[in-house]
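For reference, the chains in residue letters:
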Amino acid sequence: MSTNITSENKTATNIDFLPLSGTDYVEFYVGNAKQAAHFYKTAFGFESLAYAGPETGCMDKVSYVIRQNKLTFVLTTPLRTNNEIADHIYKHGDGVKVLALMVEDAADAWKQTTSRGGKSCMEPTVLKDDNGEVVLSGIHTYGDTLHVFVERKNYKGIFMPGFRKWESSYNPPSTGLLYVDHCVGNVGWNQMNPWVKFYEDVMGFRNILSFDDKDISTEYSALMSKVMSNGNGYVKFPINEPAEGKKKSQVEEYLEFYNGEGVQHVAIATANIVETVIDLQSRGIEFLKVPDSYYETVLDRVGSIEEDLAPLRELGILIDRDDEGYLLQIFSKPLEDRPTLFFEIIQRKGAKSFGKGNFKALFEALEREQDARGNL
Ligand code: FE2
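This text gives an overview of the structure that appears in the document.

Rules used in this analysis
All chains use their own residue numbering, which begins from 1 and follows the written sequence. Where totals are concerned, whole chains, interfaces and linings use all residues; where local detail is concerned, this predicted model gives features only for residues with pLDDT of at least 70, and gives and counts side-chain atom pairs only at 80 or more. Based on all heavy atoms of the structure, the side-chain values leave hydrogens and waters out of the count. By nonpolar core we mean a set of buried residues, namely Ala, Val, Leu, Ile, Met, Phe, Trp, Tyr and Cys, connected to one another through side-chain atoms within 4.5 Å. Under the scheme applied here, a residue whose accessible area is under 20% of the maximum for its type counts as buried, over 50% as exposed, and between as partly exposed, the area being computed with a 1.4 Å probe on protein chains only. Strands here mean DSSP runs of E at least two residues long; helices mean DSSP runs of H or I at least four residues long; both are numbered from the N terminus. What counts as a domain boundary in this text is fixed by an automatic or database domain assignment. Contacts are assigned to residue pairs with any non-hydrogen atoms lying within 4.5 Å of each other. Because no water is among the atoms considered, metal sites can look incomplete, with donors defined as N, O and S atoms within 2.8 Å of the metal, or 3.2 Å for Na, K and Ca. Put simply, a salt bridge is a Lys or Arg side-chain nitrogen that is within 4 Å of an Asp or Glu carboxyl oxygen. When DSSP locates at least two bridges between a pair of strands, those strands are taken to pair. Polar contacts, as counted here, are pairs of nitrogen or oxygen atoms within 3.5 Å of one another; within protein the pair requires one atom able to donate a hydrogen and one able to accept it, and residues that are adjacent in sequence qualify only if both atoms are side-chain atoms.

## What about the nonpolar core?
Side chains of a nonpolar character, in soluble globular proteins, are inclined to be buried together.
1) Next: Within the largest apolar cluster, 93 residues are counted, with the highest numbers of intra-cluster contacts made by Phe 28, Tyr 40, Phe 44, Phe 73, Met 203, Ile 319 and Phe 343.
2) Next: Considering each element in turn, this core owes the most residues, six residues, to helix α1 (residues 33–44).
3) Next: Shared between two domains, this core holds at least three residues of each, these being domain 1 (13–165) and domain 2 (177–373).
4) Next: With residues up to four places along the chain from it excluded, the contact list for Phe 343 reads Phe 28, Tyr 40, Phe 44, Phe 73, Val 266, Ile 268, Ile 330, Phe 331, Ser 332 and Leu 335.
5) Next: Counting residues in hydrophobic clusters, the runner-up holds 17 residues, among them Ala 52, Val 148, Tyr 155 and Met 160.

What follows is the structure, encoded as structure tokens:
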């Protein structure tokens, strides 16, 4: 079976019961938020935005909020042991805790999702300060990951009540990162379809693409993936599960080191991937490299592109095409010592797909890294 594009089969006859305007923020639980914030500012070009901690009345944790264009990260660390955040880091290492979604009505988002079987993690909660109010609510998704619904239409402040502006004299320039394109979850054996059903039933998403183990396999290992999208396409969550191969799947390695299901990668859009990747590499970010032979045949596969091939080849940027255009993408090495979370940098030039044509070359590159760690 090859790629199925099912979006065209389903018309928008159903009312979207969970309208989403995009990703509001991504929150990471990390062992040392002060240093993580410095890393993301230095290496990726985020700006300091807001801070919460003991000085703002938050006695048990510290959060730094950093932003680049429409991309907002919250980096949270616990100040003491024996709490949910410390336990999360002990179990998973640094990782994504919250994929927060922008809504018009957080109370209604909670009602719609929990009435369809979503498990609540936060009842609708109103946070107020002099700048207005933010309403939050949330549900559990795979692993220990949460979706928080954020309603901020009546808020004029810098981030949300409880945070103060974070003024810093250290302000590295942007690397051109724009917004979250998609966030991928790794789930356990036979768990992809149950989570596809969760996103369909509880959140009203549709399965827009499917990749089976024939699409995504190398000589050694395999995985399966289904891409879930909300109604307007602003929020896309591919779900991966491992598949049987001769050796251990990259998804299995993730599940082992993350100690469960969780976010595998966050894909971040740029309008100029060559400039962005040159900048990121100069700041120390390492990317997966495909063999040079990839570039000898890539244009036969994808046709002509506007960019010169030479810089793409030098940087290791991958190219793929679908019916609507093409895309350029590259994958970072893991962002921490555990082989878990990584970033994808993506520039879309019409294509709405996810780089299926690159999977084989990419996964062979991943396996070389996995093998070097002794986990293949
Ligand atoms: Fe991706």
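## Topic: the coordination of the iron ion
1) Next: Of the protein atoms, only His 182 (NE2), His 265 (NE2) and Glu 344 (OE) coordinate the iron ion, at distances of 2.0 to 2.2 Å.
2) Next: All donors to the iron ion come from one chain, and their sequence spacing reads H-x82-H-x78-E. With His 265 in strand β15 (residues 262–270) and Glu 344 in strand β18 (residues 342–349), this residue pair connects regions lying 79 residues apart in the sequence.

## So, the pattern of salt bridges
1) Next: On inspection of all chains with the given rule, the structure shows 17 salt bridges.
2) Next: For Asp 292, the salt bridge is made with Arg 313, and the minimal N-O distance between the two is 3.0 Å. Within this pair, whereas Asp 292 is found in the loop between α6 (273–282) and α7 (294–302), its partner Arg 313 is found in helix α8 (residues 309–315), the two being separated by 21 residues in sequence.
3) Next: A relative accessible area of 43% places Asp 292 in the partly exposed class.
4) Next: With relative accessibility at 30%, the residue Arg 313 sits in the partly exposed group.
5) Next: Taken together, the salt bridges that share partners define one network made up of Asp 292, Glu 296 and Arg 313.

## Quick notes on the sheet that holds strand β8 (residues 132–140)
1) Next: With mixed pairing, nine strands are arranged side by side in an open sheet as β7-β8-β9-β6-β2-β5-β4-β3-β10. Here the strands that pair on one side only, and so sit at the sheet edges, are β7 (120–129) and β10 (164–165).
2) Next: Note: strand β3 (residues 47–52) against β10, two bridges, orientation antiparallel. Paired with Ala 50 across the two strands is Lys 165, which belongs to β10.

## Quick look at helix α5 (residues 250–258)
1) Next: By the burial criterion, the buried members of α5 are Gln 250, Val 251, Glu 253, Tyr 254, Leu 255 and Tyr 258.
2) Next: Between a side-chain oxygen at the N-terminus of α5 and the backbone nitrogen of Val 251 the separation is 3.0 Å; the capping residue is Ser 249.
3) Next: In the stretch just after α5, Asn 259 is the one whose phi turns positive, near 60°.

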